[in-house]
Amino acid sequence: MEFHEKLQELRKSRGLTQEELAEALYVSRTAISKWESGRGYPSIDSLKEISNYYSVTIDDLLSSEKLLSIAEKENKSNLRSMCDLIIGILDVCSFILIVLPLYPNMVNGFVYSVNLFEYTQASSLNRLLYWIMFISLIAAGVVKLLLAKSGIDRISKIMTGVSMVISILMVLFLTMTREVYAVIVVFLLLVIKGVLILKYTER
């Protein structure tokens with residue numbers, strides 16, 4: 001007997017509706033419907049709840065092979081969420097490109113390192129482009145952080161792509177304008193994000 005058939009049988013043996021079972025397990029009725037129709041499986045935590053609620057073992061509900069498959073899928077999902085969270089934090093950390101003294105300002109023949117607020121040596125157009133790129137990357141990071149635990153994979157993947165494109169454009173533009181310190185910071189952030197993306201897409 002398949003898991004979805006066992007779940008239906010257990011629910012009906014207690015005379016419960018899907019809504020009542022959903023309340024008892026602290027999940028949505030849609031989740032119960034999905035599990036009972038064979039369109040998906042519960043998480044490990046939900047399996048434990050079902051096991052405790054019906055006083056059966058998890059092995060009675062699922063084969064070891066299927067349980068291992070669910071655990072692997074859950075681990076992959078958790079890893080992806082963690083990577084999304086770290087990428088979001090890295091993008092928000094781009095704020096340091098605005099506040100740290102990474103830009104050379106020449107005053108009376110001396111070169112001083114200043115932050116973006118005080119940077120006057122670059123042209124107005126370049127400074128405007130710096131602000132647009134930095135704020136765009138920070139905004140992408142905020143969106144990534146908001147999406148990290150939402151489970152909306154498609155939008156999260158799009159935002160990861162947006163983040164990488166902005167970072168690459170920043171590296172190219174800062175290199176062209178010879179902002180050495182700023183380009184080093186952006187390049188390091190880009191490399192870290194690239195490594196994270198490769199790590200969680202390999203699995």
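Caption draft 1: Focus on the overall build of the protein. Across its full length, the protein carries ten helices and two strands. When the elements of the protein are put in sequence order from the N terminus, they spell out α-α-α-α-α-α-α-β-β-α-α-α. Its C-alpha radius of gyration of 25 Å places the protein more than 25% over the 17 Å reference for a compact globule of 203 residues. Dimensions of the protein along its principal axes, counting C-alpha atoms only, are 85 × 30 × 20 Å. Residues classed as buried in the protein amount to 38% of the 203 residues present. Roughly 12100 Å² of accessible area belongs to the protein as shown, and the carbon and sulfur atoms make up 61% of that amount. For the protein, the separation between the mean place of its 21 positive charges and that of its 20 negative charges on side chains is 7 Å.

Caption draft 2: Just the environment of Leu16, in detail. Within the secondary structure, Leu16 is located in the loop between helix H1 (3-13) and helix H2 (18-25). In this structure Leu16 touches Arg11, Leu21, Tyr53 and Tyr54, once residues within four positions along its chain are discounted.

Caption draft 3: Layout of the pattern of salt bridges. In the structure shown here, the tally under the stated rule is four salt bridges. The salt bridge partner of Lys144 is Asp84, with a shortest N-O separation of 2.8 Å. With Lys144 in helix H8 (residues 124-147) and Asp84 in helix H6 (residues 64-92), this residue pair connects regions lying 60 residues apart in the sequence. The same class applies to Lys144 and to Asp84, which are both buried. Notably, a salt bridge pairs Lys193 with Asp91, separated by 2.7 Å at the nearest N-O pair. Placement of the pair is Lys193 in helix H10 (residues 180-202) and Asp91 in helix H6, with a sequence separation of 102 residues. Across this residue pair, the class does not change: Lys193 and Asp91 are buried.

Caption draft 4: Spatial organisation of the packing of H8 against helix H9 (residues 153-176). Interaxial distance between H8 and H9 falls to 10 Å at its minimum, and their mutual angle equals 155 degrees. Here H8 is positioned roughly antiparallel relative to H9, judged by the angle of their axes. Regarding H8 and H9, the two cross each other, and that crossing is left-handed. Between H8 and H9, the residues in contact are Asn126, Leu129, Tyr130, Met133, Phe134, Ser136, Leu137, Ala140, Val143, Lys144 and Leu147 and Ile155, Ser156, Met159, Thr160, Ser163, Ile166, Ser167, Leu169, Met170, Phe173 and Leu174, respectively. Tallied by class, the residues present in the contact of H8 with H9 amount to 15 nonpolar, six polar and one charged.

Caption draft 5: Highlighting the pairing of strand E2 (residues 110-114). Where strand E1 (residues 103-107) meets E2, five bridges bridge the pair, whose relative direction is antiparallel. The partner of Asn105 across the bridge, within E2, is Tyr112. What sits between the antiparallel neighbours E1 and E2 is a turn of two residues, in which Asn108 has the positive phi angle 50 degrees.

Caption draft 6: Summary view of the nonpolar core. Ranked by size, the top nonpolar core spans 31 residues in total, and within it Leu97, Tyr103, Tyr130, Phe134 and Met170 carry the most contacts. Counting residues per element, the ones that place at least two in this core are H6, helix H7 (96-99), H8, H9 and H10. With nine residues, the top contributor of residues to this core is H10. Apart from the residues lying within four places of it in its own chain, the contact partners of Tyr103 are Leu97, Tyr112, Ser113, Val114, Asn115, Leu116, Tyr119, Phe134, Glu179 and Ala182. Judged by nonpolar contacts, the second largest core, of 17 residues, contains Phe3, Leu47, Tyr54 and Leu61.

Analysis parameters
Residues numbered from 1 in each chain as written. Predicted model: local features only at pLDDT ≥ 70, side-chain atom pairs only at ≥ 80, totals over all residues. Heavy atoms only, no water. Helix = DSSP H or I, 4+ residues; strand = E, 2+ residues; numbered from the N terminus. Rg over C-alpha atoms; globule rule 2.2 N^0.38 Å. Buried < 20%, exposed > 50% of the residue type's maximum accessible area, 1.4 Å probe, protein only. Areas by Shrake-Rupley, 256 points an atom, 1.4 Å probe, with all protein chains shown as cover. Lys, Arg positive; Asp, Glu negative; His and termini not counted. Charge placed at Lys NZ, Arg CZ, Asp CG, Glu CD. Contact = heavy atoms within 4.5 Å. Salt bridge = Lys/Arg side-chain N within 4 Å of Asp/Glu carboxyl O. Axes fitted to C-alpha atoms, helices over the stretch in contact; angles between N-to-C directions. Parallel < 35°, antiparallel > 145°, perpendicular 65-115°, else oblique. Left-handed = near helix turned anticlockwise from the far one by under 90°. Nonpolar A, V, L, I, M, F, W, Y, C, P; charged D, E, K, R; others polar. Pairing = 2+ DSSP bridges. Core = buried A, V, L, I, M, F, W, Y, C linked by side-chain atoms within 4.5 Å.

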